[in-house]
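Overview (structure and organization)
Take a look at the letters that make up each chain.
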Amino acid sequence: MEHLVSMKQLSEEGIMALLERAEIFKKYGGREFPGKFQVANLFFEPSTRTKMSFEMAERKLGLDILPFESSFSSTLKGETLYDTVKTLEAIGMDALVIRHPYNGFYKELVGRTSVSIINAGDGSGQHPTQSLLDLFTIWEEFGTFKGLNILIAGDIAHSRVARSNADSLTKLGANVRFLCPAEWAGEFDSVDNWDEVLETSDVVMLLRVQHERHESHDVFTESSYHEQYGLTVERSKQMKDRAIIMHPGPVNRGVEIAESLIESPKSRIFKQIENGVYVRMAVLEAILKGRN
Ligand code: CP
């Protein structure tokens with residue numbers, strides 16, 4: 001694998017190979033490439049989980065990380081993303097992890113640079129390593145994807161997580177359903193009533209309302225959204241015994257999910273974050289071993 005830009009590029013076998021490597025890294029660790037490759041993390045949108053867990057994965061693999069701060073870079077002087085990447089290629093970088101607000105930012109890079117590109121989230125497009133860590137967490141829990149009912153609830157239209165997981169979970173044989181206000185469904189068929197879907201779901205994945213990507217003012221208050229579309233404590237009691245709660249973060253407590261459910265026995269929210277490190281090790285390894 002030269003780049004990872006979208007879940008659409010991975011086959012079922014390719015996904016499972018990455019999850020199996022992540023499992024090995026989780027059990028045994030693995031300092032694969034001490035001092036061998038230079039990487040940088042270019043984040044043009046805020047991030048806590050993705051940026052820090054990529055950095056942890058890179059350190060665990062023994063990679064050299066060159067610091068890059070978008071707020072002190074020459075992009076502020078008008079340099080394009082393409083010229084920034086070509087500059088880092090000339091300096092000697094092997095791989096760049098990039099988060100950018102533009103959907104499909106990677107299309108102007110792939111095929112025009114020898115540096116490997118890992119998409120850490122492009123606008124409302126894709127977030128492949130978030131999808132892989134979600135898949136890993138579901139696989140750890142259920143040992144399969146086939147026949148599972150996965151409910152994704154929230155701001156679907158603006159969510160790269162929903163889009164990546166719809167691609168990958170469907171490919172792996174799960175049944176993916178969406179719950180949201182009709183105007184936030186994007187290209188997906190959705191329901192707007194929990195009663196239709198909650199009791200039969202194995203995974204309930206909540207998404208944050210992405211106010212920063214909304215063009216007009218939202219009609220919901222935090223409490224009216226929670227009442228209608230949030231996972232309330234009352235609703236959680238209708239979930240199957242073995243069903244789990246997931247959320248890619250960051251969480252808006254008391255909006256898409258009741259505060260007391262975040263660290264409840266059904267929640268895997270912090271497990272997802274932990275698993276992100278091992279999945280990102282697997283992705284970095286798959287990309288860098290091709291550069292040997
Ligand atoms: N899930 C996720 O992408 O979180 P961050 O924005 O904190 O990286």
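Once that is clear, we can look at helix H3 (residues 81-91). Listing the buried residues of H3 in full gives Leu-81, Tyr-82, Thr-84, Val-85 and Leu-88. Across the axial projection of H3, the buried residues extend over an arc of 165 degrees, all falling on one side. Against strand E1 (38-43), strand E3 (95-100) and strand E4 (116-122) lie the buried residues of H3. Gly-92 sits one or two positions beyond H3 and adopts a positive phi of about 115 degrees.

The next point concerns the sheet that holds E3. Remark on secondary structure: sheet strands pair via backbone hydrogen bonds, oriented parallel or antiparallel. The parallel open sheet is built from four strands, whose spatial order is E2-E1-E3-E4. In the strand order of this sheet, the two ends are held by strand E2 (64-65) and E4, each with one partner. Direction of pairing for E3 relative to E4: parallel, over a ladder of five bridges. Along E4, the bridge assignment pairs His-100 with Asp-122. This element, helix H2 (residues 49-61), spans E1, E2, E3 and E4 of the sheet and lies at about 175 degrees to E1.

Okay, the pattern of salt bridges next. Scanning the entire structure with this criterion turns up 16 salt bridges. The closest approach of N and O atoms between Glu-12 and Lys-146, which form a salt bridge, is 3.1 Å. Of this pair, Glu-12 sits in helix H1 (residues 12-28) while Lys-146 sits in the loop between helix H4 (128-142) and strand E5 (149-153), and the two are 134 residues apart along the sequence. The exposure class assigned to Lys-146 is exposed, which follows from its relative accessible area of 52%. The salt bridge involving Glu-32 is made with Arg-21; its shortest N-O contact spans 3.7 Å.

Summarising the element assignment, Leu-206 is placed in strand E7 (residues 203-206). Residue Leu-206 is classed as buried on the basis of its relative accessible area of 1%. If we ignore the near neighbours within four places in the chain, the residues touching Leu-206 are Ala-153, Trp-194, Leu-231, Ile-245, Met-246, His-247, Pro-248, Glu-256 and Ile-257.

Its domain assignment divides the protein chain into domain 1 (7-126 + 274-289) and domain 2 (128-268). The gap between the C-alpha centroids of domain 1 and domain 2 is 26 Å. Opposite the 30 residues of domain 1 that make contact, domain 2 presents 27 residues. Summed over both partners, the interface of domain 1 with domain 2 buries about 2,400 Å², with 61% contributed by carbon and sulfur atoms. Our enumeration of links across domain 1 and domain 2 arrives at four salt bridges. Residue Glu-140 pairs with Lys-26 through a salt bridge whose shortest N-O separation is 2.7 Å. Inspection of the region where domain 1 meets domain 2 yields 13 residue pairs in polar contact (both at pLDDT 80 or more).

Scoring rules and cut-offs
- Residues numbered from 1 in each chain as written.
- Predicted model: local features only at pLDDT ≥ 70, side-chain atom pairs only at ≥ 80, totals over all residues.
- Heavy atoms only, no water.
- Buried < 20%, exposed > 50% of the residue type's maximum accessible area, 1.4 Å probe, protein only.
- Helix = DSSP H or I, 4+ residues; strand = E, 2+ residues; numbered from the N terminus.
- Arc of directions from axis to C-beta.
- Contact = heavy atoms within 4.5 Å.
- Pairing = 2+ DSSP bridges.
- Axes fitted to C-alpha atoms, helices over the stretch in contact; angles between N-to-C directions.
- Salt bridge = Lys/Arg side-chain N within 4 Å of Asp/Glu carboxyl O.
- Domains from an automatic or database assignment.
- Buried area = accessible area lost by both parts, 1.4 Å probe.
- Polar contact = N/O pair within 3.5 Å; in protein donor to acceptor, adjacent residues only side chain to side chain.

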